[in-house]
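# Secondary and tertiary structure notes
These are the residues of each chain, in order.
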Amino acid sequence: MSKNVLSNIDLSAIRQQFPILDRQVKGKQLVYLDNAATTQKPKAVIDTLTDYYSRYNANIHRGIHTLAEEATIAYESTREKVRGFINAKHVEEIIFTRGTTESINLVANSWGRSQLKEGDEIIISTLEHHSNIVPWQLIAKEKGANLRVVPIGDNGEFLFDEYLKLLSANTRMVSVVHASNALGVINPVKQIIEAAHRMGALVMVDGAQSTVHLDIDVQDLQADFFAFSGHKVYGPTGVGVLYGKKEILESMPPFQGGGEMIREVSFKETTFNELPYKFEAGTPNIADTIALGSALDLITSIGKLNIRHHEDELLAYATNALLSIESLRIMGNTPNKVSVCSFVIDGVHPQDIGILLDNQGIAVRTGHHCTQPLMARLGIPGTTRASFAMYNTFEEIDILIAGIQKVIRMMK
Ligand code: 7TS
(Lines give C-alpha, C1' and ligand atoms only; values in the text may rest on other atoms or scores of the structure.)
Protein backbone atom coordinates (compact mmCIF):
# COMPACT_ATOMS: atom_id res chain seq x y z
CA MET A 1 0.00 0.00 0.00
CA SER A 2 2.92 2.32 0.67
CA LYS A 3 3.93 4.78 -1.93
CA ASN A 4 7.26 6.47 -2.34
CA VAL A 5 7.45 10.19 -1.93
CA LEU A 6 7.12 12.03 -5.23
CA SER A 7 7.26 15.55 -3.86
CA ASN A 8 10.12 17.93 -4.10
CA ILE A 9 10.80 17.86 -0.41
CA ASP A 10 13.26 15.84 1.62
CA LEU A 11 10.90 14.29 4.14
CA SER A 12 13.50 12.70 6.37
CA ALA A 13 15.40 15.99 6.61
CA ILE A 14 12.17 17.77 7.53
CA ARG A 15 11.23 15.16 10.13
CA GLN A 16 14.63 15.48 11.77
CA GLN A 17 13.82 19.10 12.50
CA PHE A 18 10.83 18.12 14.66
CA PRO A 19 12.19 16.38 17.78
CA ILE A 20 8.76 15.34 19.09
CA LEU A 21 8.19 13.06 16.09
CA ASP A 22 10.73 10.66 17.61
CA ARG A 23 8.70 9.95 20.71
CA GLN A 24 6.74 6.86 21.54
CA VAL A 25 3.13 6.81 22.71
CA LYS A 26 1.77 3.72 24.48
CA GLY A 27 4.86 1.83 23.37
CA LYS A 28 4.33 2.71 19.70
CA GLN A 29 6.02 5.23 17.44
CA LEU A 30 3.95 8.44 17.54
CA VAL A 31 1.86 9.09 14.42
CA TYR A 32 0.76 12.70 14.81
CA LEU A 33 -2.29 13.49 12.67
CA ASP A 34 -3.84 16.31 14.71
CA ASN A 35 -2.16 19.16 12.88
CA ALA A 36 -5.32 21.19 12.37
CA ALA A 37 -5.51 21.54 16.16
CA THR A 38 -1.86 22.49 16.45
CA THR A 39 1.29 21.72 14.51
CA GLN A 40 4.46 20.40 16.11
CA LYS A 41 7.39 22.75 16.58
CA PRO A 42 10.68 22.58 14.71
CA LYS A 43 14.03 22.83 16.46
CA ALA A 44 14.47 26.31 14.99
CA VAL A 45 11.44 27.52 16.96
CA ILE A 46 12.47 25.76 20.17
CA ASP A 47 16.04 27.09 19.85
CA THR A 48 14.81 30.63 19.21
CA LEU A 49 12.83 30.53 22.46
CA THR A 50 15.82 29.23 24.41
CA ASP A 51 18.13 31.73 22.77
CA TYR A 52 15.84 34.66 23.58
CA TYR A 53 15.49 33.73 27.26
CA SER A 54 19.17 32.80 27.56
CA ARG A 55 20.68 35.83 25.83
CA TYR A 56 18.44 38.85 25.33
CA ASN A 57 15.24 38.66 27.39
CA ALA A 58 14.08 42.27 27.89
CA ASN A 59 10.96 44.35 27.54
CA ILE A 60 10.66 45.93 24.13
CA HIS A 61 10.20 49.42 22.69
CA ARG A 62 10.83 51.26 25.96
CA GLY A 63 14.36 50.41 26.95
CA ILE A 64 17.53 51.96 25.63
CA HIS A 65 19.83 49.25 26.92
CA THR A 66 21.36 46.65 24.61
CA LEU A 67 19.10 43.76 25.57
CA ALA A 68 15.96 45.85 25.02
CA GLU A 69 17.24 46.98 21.67
CA GLU A 70 18.06 43.43 20.54
CA ALA A 71 14.66 42.15 21.69
CA THR A 72 12.86 45.02 19.94
CA ILE A 73 14.69 44.42 16.68
CA ALA A 74 13.91 40.67 16.78
CA TYR A 75 10.24 41.28 17.66
CA GLU A 76 9.79 43.86 14.90
CA SER A 77 11.58 41.66 12.39
CA THR A 78 8.83 39.05 12.82
CA ARG A 79 6.30 41.73 11.93
CA GLU A 80 8.14 42.27 8.66
CA LYS A 81 8.34 38.50 8.07
CA VAL A 82 4.57 38.20 8.59
CA ARG A 83 4.01 41.12 6.22
CA GLY A 84 5.96 39.31 3.52
CA PHE A 85 4.35 35.95 4.31
CA ILE A 86 0.84 37.22 3.61
CA ASN A 87 1.95 39.97 1.21
CA ALA A 88 0.50 42.90 3.16
CA LYS A 89 1.36 46.29 1.72
CA HIS A 90 2.46 47.97 4.97
CA VAL A 91 4.20 46.52 8.00
CA GLU A 92 1.96 48.55 10.34
CA GLU A 93 -1.01 46.54 9.04
CA ILE A 94 0.30 43.55 11.03
CA ILE A 95 -0.99 43.44 14.61
CA PHE A 96 0.18 40.77 17.03
CA THR A 97 -2.54 39.12 19.09
CA ARG A 98 -2.83 35.90 21.12
CA GLY A 99 -4.25 34.04 18.13
CA THR A 100 -7.09 33.88 15.65
CA THR A 101 -9.69 34.02 18.41
CA GLU A 102 -8.32 37.27 19.81
CA SER A 103 -7.91 38.73 16.31
CA ILE A 104 -11.60 38.18 15.55
CA ASN A 105 -12.62 39.52 18.96
CA LEU A 106 -10.50 42.60 18.32
CA VAL A 107 -12.37 43.37 15.10
CA ALA A 108 -15.80 42.54 16.55
CA ASN A 109 -15.18 44.75 19.59
CA SER A 110 -13.29 47.67 18.05
CA TRP A 111 -14.82 47.92 14.58
CA GLY A 112 -18.13 46.32 15.55
CA ARG A 113 -18.83 48.40 18.64
CA SER A 114 -17.96 51.66 16.90
CA GLN A 115 -19.64 50.94 13.56
CA LEU A 116 -22.65 48.67 13.96
CA LYS A 117 -26.12 50.01 14.54
CA GLU A 118 -29.58 48.55 14.85
CA GLY A 119 -30.71 46.61 11.77
CA ASP A 120 -27.18 46.16 10.38
CA GLU A 121 -26.30 42.67 9.24
CA ILE A 122 -23.24 40.48 9.69
CA ILE A 123 -22.90 37.47 7.41
CA ILE A 124 -21.04 34.33 8.46
CA SER A 125 -21.29 30.76 7.11
CA THR A 126 -22.41 27.41 8.46
CA LEU A 127 -18.77 26.24 8.34
CA GLU A 128 -17.51 28.64 11.00
CA HIS A 129 -15.46 27.71 14.04
CA HIS A 130 -17.11 28.95 17.27
CA SER A 131 -14.51 31.73 17.45
CA ASN A 132 -15.94 33.22 14.25
CA ILE A 133 -19.51 32.92 15.53
CA VAL A 134 -19.62 33.91 19.19
CA PRO A 135 -17.79 37.29 19.00
CA TRP A 136 -20.24 38.38 16.28
CA GLN A 137 -23.24 37.10 18.24
CA LEU A 138 -22.11 39.08 21.29
CA ILE A 139 -21.61 42.35 19.44
CA ALA A 140 -24.75 41.88 17.31
CA LYS A 141 -26.81 41.47 20.47
CA GLU A 142 -25.27 44.52 22.06
CA LYS A 143 -25.84 46.73 18.99
CA GLY A 144 -29.18 45.35 17.77
CA ALA A 145 -27.56 43.98 14.61
CA ASN A 146 -28.49 40.66 13.00
CA LEU A 147 -26.40 37.64 12.14
CA ARG A 148 -27.17 35.95 8.80
CA VAL A 149 -25.76 32.53 7.97
CA VAL A 150 -24.81 31.26 4.52
CA PRO A 151 -26.02 27.66 4.12
CA ILE A 152 -23.82 24.85 2.81
CA GLY A 153 -24.43 21.84 0.57
CA ASP A 154 -24.32 18.27 1.86
CA ASN A 155 -20.60 18.08 1.12
CA GLY A 156 -19.85 21.22 3.09
CA GLU A 157 -19.61 23.44 0.03
CA PHE A 158 -20.31 27.15 0.50
CA LEU A 159 -23.50 27.94 -1.47
CA PHE A 160 -22.43 31.06 -3.33
CA ASP A 161 -25.83 31.84 -4.84
CA GLU A 162 -27.40 31.71 -1.38
CA TYR A 163 -24.69 34.05 -0.17
CA LEU A 164 -25.49 36.53 -2.93
CA LYS A 165 -29.14 36.42 -1.86
CA LEU A 166 -28.18 37.29 1.72
CA LEU A 167 -26.01 40.25 0.73
CA SER A 168 -27.88 43.54 0.93
CA ALA A 169 -27.44 47.21 1.64
CA ASN A 170 -27.77 46.27 5.33
CA THR A 171 -24.71 43.99 5.20
CA ARG A 172 -21.84 45.67 7.01
CA MET A 173 -19.48 42.75 7.61
CA VAL A 174 -18.93 39.33 6.07
CA SER A 175 -16.73 37.11 8.24
CA VAL A 176 -15.89 33.74 6.73
CA VAL A 177 -13.48 30.91 7.22
CA HIS A 178 -10.93 30.42 4.44
CA ALA A 179 -10.58 26.65 5.01
CA SER A 180 -12.86 24.71 7.32
CA ASN A 181 -11.12 23.15 10.32
CA ALA A 182 -13.75 20.43 10.62
CA LEU A 183 -13.90 19.37 6.94
CA GLY A 184 -10.92 20.96 5.17
CA VAL A 185 -13.17 22.52 2.52
CA ILE A 186 -11.73 25.71 1.00
CA ASN A 187 -14.12 28.61 0.54
CA PRO A 188 -13.99 30.88 -2.53
CA VAL A 189 -12.91 33.86 -0.43
CA LYS A 190 -11.74 36.03 -3.32
CA GLN A 191 -15.19 35.89 -4.93
CA ILE A 192 -16.87 36.27 -1.52
CA ILE A 193 -14.85 39.44 -0.93
CA GLU A 194 -15.56 40.87 -4.40
CA ALA A 195 -19.30 40.40 -3.95
CA ALA A 196 -19.26 41.93 -0.45
CA HIS A 197 -17.29 44.92 -1.63
CA ARG A 198 -19.81 45.55 -4.41
CA MET A 199 -22.39 45.97 -1.62
CA GLY A 200 -20.09 48.20 0.43
CA ALA A 201 -19.51 45.58 3.17
CA LEU A 202 -16.16 44.70 4.75
CA VAL A 203 -14.78 41.17 4.86
CA MET A 204 -12.88 39.40 7.61
CA VAL A 205 -11.18 36.13 6.64
CA ASP A 206 -10.49 33.49 9.31
CA GLY A 207 -7.22 32.10 8.02
CA ALA A 208 -6.52 29.81 11.00
CA GLN A 209 -6.48 26.71 8.78
CA SER A 210 -5.50 28.17 5.42
CA THR A 211 -2.32 30.05 6.27
CA VAL A 212 -0.17 26.97 6.79
CA HIS A 213 -1.34 25.28 3.57
CA LEU A 214 -2.19 27.92 0.96
CA ASP A 215 -0.33 30.84 -0.51
CA ILE A 216 -1.83 33.89 1.18
CA ASP A 217 -1.86 37.24 -0.59
CA VAL A 218 -4.09 39.67 1.27
CA GLN A 219 -3.66 42.31 -1.43
CA ASP A 220 -4.76 39.95 -4.17
CA LEU A 221 -7.68 38.75 -2.03
CA GLN A 222 -8.55 42.36 -1.15
CA ALA A 223 -9.35 41.13 2.38
CA ASP A 224 -10.14 43.92 4.83
CA PHE A 225 -9.09 41.75 7.78
CA PHE A 226 -7.25 38.43 7.90
CA ALA A 227 -6.50 36.40 11.04
CA PHE A 228 -4.28 33.44 11.83
CA SER A 229 -2.61 31.68 14.77
CA GLY A 230 1.12 31.11 15.23
CA HIS A 231 0.69 27.62 16.66
CA LYS A 232 -0.96 26.32 13.48
CA VAL A 233 1.98 27.43 11.29
CA TYR A 234 4.67 25.53 13.26
CA GLY A 235 5.11 28.48 15.64
CA PRO A 236 4.41 28.71 19.38
CA THR A 237 1.04 28.99 21.09
CA GLY A 238 -0.01 32.35 22.48
CA VAL A 239 0.80 34.48 19.45
CA GLY A 240 -1.27 35.25 16.40
CA VAL A 241 -1.85 37.88 13.80
CA LEU A 242 -4.51 40.30 12.74
CA TYR A 243 -3.97 41.90 9.37
CA GLY A 244 -6.15 44.89 8.59
CA LYS A 245 -6.12 47.45 5.81
CA LYS A 246 -4.30 50.50 7.09
CA GLU A 247 -7.06 53.03 6.46
CA ILE A 248 -9.61 50.83 8.23
CA LEU A 249 -7.37 50.12 11.24
CA GLU A 250 -6.60 53.82 11.50
CA SER A 251 -10.29 54.63 11.74
CA MET A 252 -10.90 52.07 14.51
CA PRO A 253 -10.79 52.80 18.25
CA PRO A 254 -8.41 50.82 20.51
CA PHE A 255 -9.43 47.33 21.64
CA GLN A 256 -7.67 47.29 25.01
CA GLY A 257 -6.26 50.17 27.03
CA GLY A 258 -2.91 50.14 28.78
CA GLY A 259 0.76 50.75 28.29
CA GLU A 260 2.32 50.85 24.83
CA MET A 261 -0.90 51.77 23.02
CA ILE A 262 -0.89 55.41 24.16
CA ARG A 263 0.80 58.55 22.90
CA GLU A 264 0.08 60.69 25.96
CA VAL A 265 -2.00 60.10 29.06
CA SER A 266 -3.43 62.63 31.47
CA PHE A 267 -6.36 62.19 33.82
CA LYS A 268 -8.38 64.39 31.48
CA GLU A 269 -7.59 62.80 28.18
CA THR A 270 -5.51 60.13 26.47
CA THR A 271 -4.22 60.18 22.93
CA PHE A 272 -3.34 56.95 21.22
CA ASN A 273 -0.21 55.56 19.64
CA GLU A 274 0.07 55.00 15.92
CA LEU A 275 -0.47 51.69 14.15
CA PRO A 276 0.18 48.91 14.96
CA TYR A 277 0.92 49.79 18.60
CA LYS A 278 -2.55 51.30 19.13
CA PHE A 279 -3.79 47.68 19.18
CA GLU A 280 -0.97 46.12 21.21
CA ALA A 281 -1.65 47.18 24.80
CA GLY A 282 0.72 45.93 27.49
CA THR A 283 3.85 43.83 27.25
CA PRO A 284 3.31 41.51 24.29
CA ASN A 285 4.31 37.88 23.95
CA ILE A 286 7.85 38.77 22.92
CA ALA A 287 9.54 35.36 22.90
CA ASP A 288 6.78 33.55 21.06
CA THR A 289 6.46 36.31 18.49
CA ILE A 290 10.18 36.15 17.74
CA ALA A 291 9.93 32.35 17.47
CA LEU A 292 6.98 32.69 15.08
CA GLY A 293 9.46 34.43 12.79
CA SER A 294 11.64 31.30 12.86
CA ALA A 295 8.63 29.15 11.93
CA LEU A 296 7.83 31.35 8.94
CA ASP A 297 11.48 31.24 7.87
CA LEU A 298 11.34 27.45 7.88
CA ILE A 299 8.17 27.32 5.77
CA THR A 300 9.64 29.81 3.33
CA SER A 301 12.92 27.92 3.06
CA ILE A 302 11.15 24.63 2.26
CA GLY A 303 8.77 26.45 -0.06
CA LYS A 304 5.04 26.75 0.36
CA LEU A 305 4.36 25.25 -3.04
CA ASN A 306 6.52 22.20 -2.26
CA ILE A 307 4.70 21.75 1.04
CA ARG A 308 1.31 22.12 -0.63
CA HIS A 309 2.22 19.58 -3.26
CA HIS A 310 3.26 17.03 -0.63
CA GLU A 311 0.15 17.68 1.50
CA ASP A 312 -2.11 17.35 -1.54
CA GLU A 313 -0.55 13.96 -2.27
CA LEU A 314 -1.04 12.88 1.33
CA LEU A 315 -4.65 14.04 1.17
CA ALA A 316 -5.39 12.17 -2.08
CA TYR A 317 -3.68 9.03 -0.78
CA ALA A 318 -5.54 9.14 2.55
CA THR A 319 -8.88 9.91 0.89
CA ASN A 320 -8.59 6.92 -1.44
CA ALA A 321 -7.51 4.60 1.34
CA LEU A 322 -10.26 5.76 3.71
CA LEU A 323 -12.93 5.40 1.03
CA SER A 324 -11.90 1.76 0.59
CA ILE A 325 -13.20 1.08 4.10
CA GLU A 326 -16.80 0.04 3.57
CA SER A 327 -18.54 1.47 6.64
CA LEU A 328 -16.62 4.76 6.51
CA ARG A 329 -17.96 8.05 5.16
CA ILE A 330 -15.80 11.12 4.55
CA MET A 331 -17.55 14.34 5.47
CA GLY A 332 -16.82 17.22 3.10
CA ASN A 333 -15.24 15.24 0.28
CA THR A 334 -14.92 18.15 -2.17
CA PRO A 335 -12.17 18.61 -4.78
CA ASN A 336 -10.83 21.82 -3.26
CA LYS A 337 -9.54 21.05 0.23
CA VAL A 338 -6.63 21.51 2.59
CA SER A 339 -5.14 18.31 4.01
CA VAL A 340 -7.91 17.37 6.43
CA CYS A 341 -9.89 14.10 6.36
CA SER A 342 -12.95 14.09 8.57
CA PHE A 343 -14.95 10.89 8.70
CA VAL A 344 -17.63 8.88 10.44
CA ILE A 345 -17.89 5.10 10.72
CA ASP A 346 -21.28 3.39 10.93
CA GLY A 347 -21.99 2.21 14.43
CA VAL A 348 -18.75 3.46 16.02
CA HIS A 349 -18.64 6.62 18.12
CA PRO A 350 -15.83 9.05 17.17
CA GLN A 351 -14.62 9.16 20.77
CA ASP A 352 -14.11 5.39 20.81
CA ILE A 353 -12.17 5.65 17.56
CA GLY A 354 -9.97 8.37 19.04
CA ILE A 355 -9.19 6.37 22.19
CA LEU A 356 -8.51 3.14 20.33
CA LEU A 357 -6.26 4.90 17.82
CA ASP A 358 -4.37 6.60 20.67
CA ASN A 359 -3.71 3.13 22.10
CA GLN A 360 -1.86 2.48 18.85
CA GLY A 361 0.15 5.72 19.09
CA ILE A 362 -2.00 7.55 16.52
CA ALA A 363 -3.13 11.08 17.44
CA VAL A 364 -6.31 12.29 15.72
CA ARG A 365 -9.03 14.69 16.81
CA THR A 366 -12.57 13.58 17.54
CA GLY A 367 -15.74 15.47 18.38
CA HIS A 368 -17.44 18.59 17.06
CA HIS A 369 -14.19 20.50 16.43
CA CYS A 370 -15.75 23.71 17.86
CA THR A 371 -18.20 23.72 14.94
CA GLN A 372 -21.43 22.61 16.60
CA PRO A 373 -23.74 24.37 14.11
CA LEU A 374 -21.90 22.63 11.25
CA MET A 375 -22.25 19.24 12.94
CA ALA A 376 -25.98 19.96 13.47
CA ARG A 377 -26.32 20.79 9.76
CA LEU A 378 -24.58 17.52 8.82
CA GLY A 379 -26.78 15.62 11.27
CA ILE A 380 -23.89 14.07 13.21
CA PRO A 381 -22.55 14.56 16.75
CA GLY A 382 -18.99 14.76 15.55
CA THR A 383 -16.32 13.22 13.37
CA THR A 384 -12.87 11.70 13.58
CA ARG A 385 -10.43 14.07 11.94
CA ALA A 386 -6.99 13.23 10.58
CA SER A 387 -5.11 16.33 9.48
CA PHE A 388 -1.74 16.28 7.76
CA ALA A 389 1.31 18.52 7.91
CA MET A 390 4.49 18.79 5.88
CA TYR A 391 6.26 16.16 8.01
CA ASN A 392 3.65 13.42 7.62
CA THR A 393 4.41 10.36 5.50
CA PHE A 394 2.48 7.89 3.38
CA GLU A 395 3.58 5.17 5.81
CA GLU A 396 1.83 7.05 8.61
CA ILE A 397 -1.37 7.00 6.57
CA ASP A 398 -0.96 3.24 6.11
CA ILE A 399 -0.65 2.94 9.89
CA LEU A 400 -3.80 5.04 10.32
CA ILE A 401 -5.76 2.87 7.90
CA ALA A 402 -4.58 -0.35 9.57
CA GLY A 403 -5.46 1.24 12.93
CA ILE A 404 -8.99 2.09 11.79
CA GLN A 405 -9.49 -1.42 10.43
CA LYS A 406 -8.41 -2.80 13.79
CA VAL A 407 -10.87 -0.48 15.57
CA ILE A 408 -13.71 -1.68 13.32
CA ARG A 409 -12.82 -5.33 14.04
CA MET A 410 -12.73 -4.64 17.78
CA MET A 411 -16.07 -2.82 17.81
CA LYS A 412 -17.93 -5.50 15.85
N1 7TS B 1 -10.81 29.39 13.33
C2 7TS B 1 -10.55 28.18 12.83
C3 7TS B 1 -10.96 27.85 11.43
C4 7TS B 1 -9.87 27.24 13.61
O5 7TS B 1 -9.59 26.04 13.09
C6 7TS B 1 -9.49 27.58 14.93
C7 7TS B 1 -8.85 26.58 15.84
C8 7TS B 1 -9.76 28.87 15.38
C9 7TS B 1 -10.44 29.74 14.55
C10 7TS B 1 -9.31 29.35 16.71
O11 7TS B 1 -7.92 29.43 16.74
P12 7TS B 1 -7.14 29.74 18.08
O13 7TS B 1 -5.71 29.51 17.73
O14 7TS B 1 -7.42 31.15 18.44
O15 7TS B 1 -7.65 28.76 19.09
N16 7TS B 1 -9.15 25.23 15.53
C17 7TS B 1 -8.91 24.14 16.28
C18 7TS B 1 -9.21 22.84 15.84
O19 7TS B 1 -9.70 22.58 14.74
N20 7TS B 1 -8.88 21.97 16.80
O21 7TS B 1 -8.37 22.64 17.84
C22 7TS B 1 -8.37 24.00 17.53
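Everything discussed here concerns the structure shown above.
About the cut-offs
Residues numbered from 1 in each chain as written. Predicted model: local features only at pLDDT ≥ 70, side-chain atom pairs only at ≥ 80, totals over all residues. Heavy atoms only, no water. Near = heavy atom within 4 Å. Polar contact = N/O pair within 3.5 Å; in protein donor to acceptor, adjacent residues only side chain to side chain. Areas by Shrake-Rupley, 256 points an atom, 1.4 Å probe, with all protein chains shown as cover. Nonpolar A, V, L, I, M, F, W, Y, C, P; charged D, E, K, R; others polar. Domains from an automatic or database assignment. Buried < 20%, exposed > 50% of the residue type's maximum accessible area, 1.4 Å probe, protein only. Helix = DSSP H or I, 4+ residues; strand = E, 2+ residues; numbered from the N terminus. Pairing = 2+ DSSP bridges. Axes fitted to C-alpha atoms, helices over the stretch in contact; angles between N-to-C directions. Contact = heavy atoms within 4.5 Å.

### Some thoughts on the site of the ligand
Near the ligand you find 16 residues, and of these T101, D206, Q209, S229 and R385 are the closest. Taking S229, its side chain carries an N or O atom lying 2.7 Å from an oxygen atom of the ligand. Residue K232 places a side-chain N or O atom 2.9 Å away from a nitrogen atom belonging to the ligand. In isolation the ligand has 490 Å² of accessible area, and contact with the protein removes 87% of it. Among the residues making up the shell around the ligand, the classes are represented as four nonpolar, eight polar and four charged. Counting contributing residues, the shell around the ligand receives three or more from each of domain 1 (5–41 + 303–411) and domain 2 (47–300).

### Overview of the pairing of strand β14 (residues 340–345)
Counting buried positions along β14 gives six out of six residues, so the element sits mostly inside the fold. In β14, alternate side chains face the same way, and those of V340, S342 and V344 on one face and C341, F343 and I345 on the other are all buried. Here β14 runs beside strand β17 (residues 383–387); their pairing, made up of four bridges, is antiparallel. Its bridge partner lying in β17, F343 is registered against T384.

### With respect to the sheet that holds strand β6 (residues 146–150)
If you walk across this open sheet you meet the seven strands as β4-β10-β9-β8-β7-β5-β6, and the pairing is mixed. In this open sheet, the two edge strands, each paired with only one partner strand, are β4 (94–97) and β6. Across the sheet, the axes of successive neighbouring strands diverge by a mean angle of 20 degrees, strand direction being ignored. Pairing analysis gives five bridges linking strand β7 (residues 171–177) to strand β8 (residues 202–206), with the strands arranged parallel.

### Digging into unusual backbone geometry
Here L275 and P276 are connected by a cis peptide whose omega angle stands at -5 degrees. Of note, P276 is situated in the loop between β12 (270–272) and α10 (286–302). Of note, the phi angle at H61 is positive, near 70 degrees, even though the residue is not glycine. Structurally, the position occupied by H61 is in the loop between α2 (43–56) and α3 (66–86). The phi dihedral of Q222 falls on the positive side, at around 65 degrees, and the residue is not glycine.

### Some words on the sheet that holds β17
Reading across from one edge, β13-β14-β17-β16 is the order of the four strands in this open sheet, with antiparallel pairing throughout. The sheet is open, and its two edges are formed by β13 (328–331) and β16 (365–367), each paired on a single side. Averaged over all adjacent pairs, the angle separating strand axes in this sheet is 30 degrees, with direction ignored. Note that β13 and β14 share four bridges and pair antiparallel. From the neighbouring strand, L328 faces β14, where its bridge partner is I345. The sheet strands contacting helix α11 (residues 304–323) are β13 and β14, and the helix crosses β14 at an angle near 10 degrees. Where helix α12 (residues 350–358) meets the sheet, its contacts fall on β14, β16 and β17, and the angle it forms with β16 comes to roughly 155 degrees.

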